[in-house]
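Listed below, chain by chain, are the residues.
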Amino acid sequence: MCGIFGIITNQEISVGKIALEGIKRLEYRGYDSCGIVTQYSSKLYIKKDAGKIDEIHKKIKLDEFPNGAKLALAHTRWATHGAPTKLNSHPHVDCHNKIAVVHNGILENFIELKEELQSKGHNFISETDTEIIPHLIEDYMENDLDFKNAVAKAIQRCEGAYGVAICHADYPNTIIAVRKESPIVVGIEEGNTSYCASDIPAFLPYTRTCYLLDDDEMAVLKPGSVEFFDVKDSNVPKKKAIQKIEWNIDAAEKGGYEHFMLKEIYEEPSALRRTLKISKDILKTFAKILWSAKNIYITAAGTSFYASLAGKFIITKFLDKYIEAIECSEFQIQLGDALKEDSVIIAISQSGETIDLIEAIRWAKEKLKNRVKVLSITNVVGSTLTRYSDHVILTQAGPEIGVAATKTYCTQVLTLGLVALEIADLRKILPDNEIEKYYDALRSTPDIIEDFLNNDIEILKKIVKNLEKTHNFFFLARGISLATAKEGGLKLKEIACRFIEGYSAAHAKHGPISLVRKDFPIIFIAPPDETYDRLVGNVMEFKARGGKIISLVVKSDKTITDLSDITIRINQPANKYYNLFSPITFIPALQLLAYFYSVDVGLDPDQPQNLAKTVTVH
Ligand code: F6R
């Protein structure tokens, strides 16, 4: 995944500076190289290099371009085709340095197109797939098409996923943006300035008026205005609805926190409170469809998959049907012809752009047409997932910039909790006052987290200080807390670069326990639910082998506390209503543990190595 940004204006402003700020706000999408191009007096001026944006800026002053430039394109890269080098950095240009392109996505047929263009004499200098685009456009323009129609023709030759923005040295008043399966949003400051970007926060300081480009659509940006076309019909403008963004730029800036990750953990209470207000109507729709489904699958990747594990557990409490959780990359291969009509797929994705998930859903839809329903839960309005879904719930986490998913995990589990309680309501399987107790517990999750964040986090810093930094360790749990163990383990893996395994406490006896030596750290996730007594047995087994026992328990806990070297305590009632939603209230402690660990070992938790926020490659 990469981030792209474009600006075109008729104002006396520094487009280089704004482009630089724009890609800084998109750096979560990729951070191994970057570049900016501006146009002035029929020439393109390009600055690019490998490395993080700040490092490159220090070296070559990324925002300094000829005064009077009125358009700029910028790119921050997460390498796919070709190593992160200066030559492979975007923008890429044609043979005559007239056409510049920035691209997010992957072109699947680039080898054959490159061979075709090379045979016509085009000269390529990078290993990227992107470089074919300016050359293709150049080729069509040499055959007498104008800029817009040449772009449309060139894009129709490209297979794969792309969000691209393109400028031409001889067209000072035009930026063209096109999308297929990689997001492009367009922002407009009426009459003055237009923007395009991979994500809204990039231009949010300047405008909240935007358009979401659909697949195979092309936006032709002029200063302060835009026209839309279908790529296949680039002569007839089409109408698109304006979107007004509700949140402001504070939501996408650090606001005094050292890192986005920390800020976003502290935003969990407010994100949950907003998500609690999801409309009853859409929850009812989800509940009814799930109740009448023959088979139910839940699918996602990474953190969203662990949210699915928690959600599946919560929903099955109130629905007498098994829900099969399948990682989205395995969905098609594992289900194959076993996917039958009248199945329902719950698809979960923060970004709504994870390619493995999109492919799984697309495959299911193509296979069974309208006889399969897709219910999706995502945080991004207009994302690709929403286009393939029958019904969508938008979580209200607000923009999540830190690469590690935190607040969005909590809101996903909460949303699934709301769906579960709606099912309970519908099926009348419990007395009303019983259901109300579950609702009370769910509605209390923001307060419980707030209380923890305000009062109890010092213990996490102490644990981090006392941990032997070379150690690997386990997160163990049973039942619903397995999701918490896996998600906690994932957070530490990705941002602290330690091998941490989130595992079933029962299953760990069948092999992994042999790793335990004196002081090997094991974190037990132990809400007082129906698995607690057996978990006590597991704690004793690991303690007997010298393990250092760290437990995550409720405040009133006694038995596991007495067996533990250290406890992290969550201030919530010890009853079944609250236990069911403990995946929401227990996870902030593990997110913060990972955060403090990462900072303690000198890593940048916002930019973990080898990762980008959205995975748009297979
Ligand atoms: C981990 C993380 C990833 C994502 C995964 C799915 O912190 O962020 O594991 O959860 O790539 O992304 P979405 O939810 O956007 O589909």
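To be clear, the structure that these remarks concern was listed above.
Given the structure is predicted, the values throughout are model-derived calculations rather than measurements.

A count of helical and extended segments in the protein chain gives 20 helices and 25 strands. Relative to the globule expectation of 25 Å for 618 residues, the C-alpha radius of gyration of the protein chain, 26 Å, shows essentially globular dimensions. With respect to the principal axes defined by its C-alpha atoms, the protein chain has extents near 80 × 50 × 45 Å. By residue count, 61% of the 618 residues in the protein chain fall in the buried class. A separation threshold of at least 6 residues defines the contact pool for the protein chain, and within that pool the share at least 24 residues apart is 72%. Split by element, the accessible area of the protein chain, about 23300 Å² in all, is 49% carbon and sulfur.

Counted residue by residue, strand β8 (residues 175–180) has 5 buried out of 6 residues, so it is predominantly covered. Here strand β7 (residues 160–168) pairs with β8 via 5 bridges, running antiparallel. Along β8, the bridge assignment pairs valine 164 with valine 178. Between the end of β7 and the start of β8, which pair antiparallel, lie 6 residues.

With that out of the way, let us pick up the site of the ligand. In the neighbourhood of the ligand, 13 residues make up the surrounding shell, with Ser304, Ser349, Ser351, Thr354 and Glu494 lying closest. Within the side chain of serine 349, a nitrogen or oxygen atom sits 2.6 Å from an oxygen atom of the ligand. Between the ligand and valine 403, the relevant distance is 3.4 Å, taken from an oxygen atom to a main-chain nitrogen or oxygen of the residue. Compared with its free state, where it exposes 410 Å², the ligand has 90% of that area covered by protein. By residue number, the principal contributor to the shell around the ligand is helix α9 (residues 302–318), which donates 3 residues. Residue composition of the shell around the ligand, grouped by class: 4 nonpolar, 7 polar and 2 charged.

Bringing the sheet that holds strand β23 (residues 521–525) into the picture now. Strand order in the open sheet made by the 5 strands is β22-β21-β23-β24-β25, with parallel pairing throughout. The sheet is open, and its two edges are formed by β22 (500–504) and β25 (566–570), each paired on a single side. Across the sheet, the mean angle separating the axes of adjacent strands is 20° when strand polarity is ignored. Summarising the sheet, β23 and strand β24 (residues 548–554) pair through 5 bridges and their orientation is parallel.

Moving on: the packing of aromatic side chains. All told, the structure shown has 16 aromatic pairs when counted by the stated rule. A ring pair is formed by tyrosine 195 and tyrosine 206, whose centres lie 5.4 Å apart and whose planes are at 10°; its orientation type is stacked. Here tyrosine 195 is found in strand β10 (residues 193–197), whereas its partner tyrosine 206 is found in the loop between β10 and β11 (209–212), with 11 residues between them in sequence. Classification of tyrosine 206 by relative accessible area gives partly exposed; the value is 25%. Taking 6.1 Å as the distance between ring centres and 15° as the angle between the ring planes, the aromatic pair formed by phenylalanine 473 and phenylalanine 475 counts as stacked. Judged by its relative accessible area of 2%, phenylalanine 473 falls in the buried class. Assessed through its relative accessible area of 0%, phenylalanine 475 is described here as buried. Clustering of aromatic rings is evident, with ring pairs tying together Phe5, Tyr195, Phe203 and Tyr206. The ring of phenylalanine 229 has lysine 148 sitting right over it, with the charged end atom 4.1 Å from the ring centre. Residue placement shows lysine 493 over the ring face of phenylalanine 499; its charged tip is 5.5 Å from the ring centre.

Parameters and conventions
- Residues numbered from 1 in each chain as written.
- Predicted model: local features only at pLDDT ≥ 70, side-chain atom pairs only at ≥ 80, totals over all residues.
- Heavy atoms only, no water.
- Helix = DSSP H or I, 4+ residues; strand = E, 2+ residues; numbered from the N terminus.
- Rg over C-alpha atoms; globule rule 2.2 N^0.38 Å.
- Buried < 20%, exposed > 50% of the residue type's maximum accessible area, 1.4 Å probe, protein only.
- Contact = heavy atoms within 4.5 Å.
- Areas by Shrake-Rupley, 256 points an atom, 1.4 Å probe, with all protein chains shown as cover.
- Pairing = 2+ DSSP bridges.
- Near = heavy atom within 4 Å.
- Polar contact = N/O pair within 3.5 Å; in protein donor to acceptor, adjacent residues only side chain to side chain.
- Nonpolar A, V, L, I, M, F, W, Y, C, P; charged D, E, K, R; others polar.
- Axes fitted to C-alpha atoms, helices over the stretch in contact; angles between N-to-C directions.
- Phe/Tyr/Trp six-rings, centres within 6.5 Å; stacked < 30°, edge-to-face > 60°.
- Lys NZ or Arg CZ within 6 Å of the ring centre and 35° of its normal.

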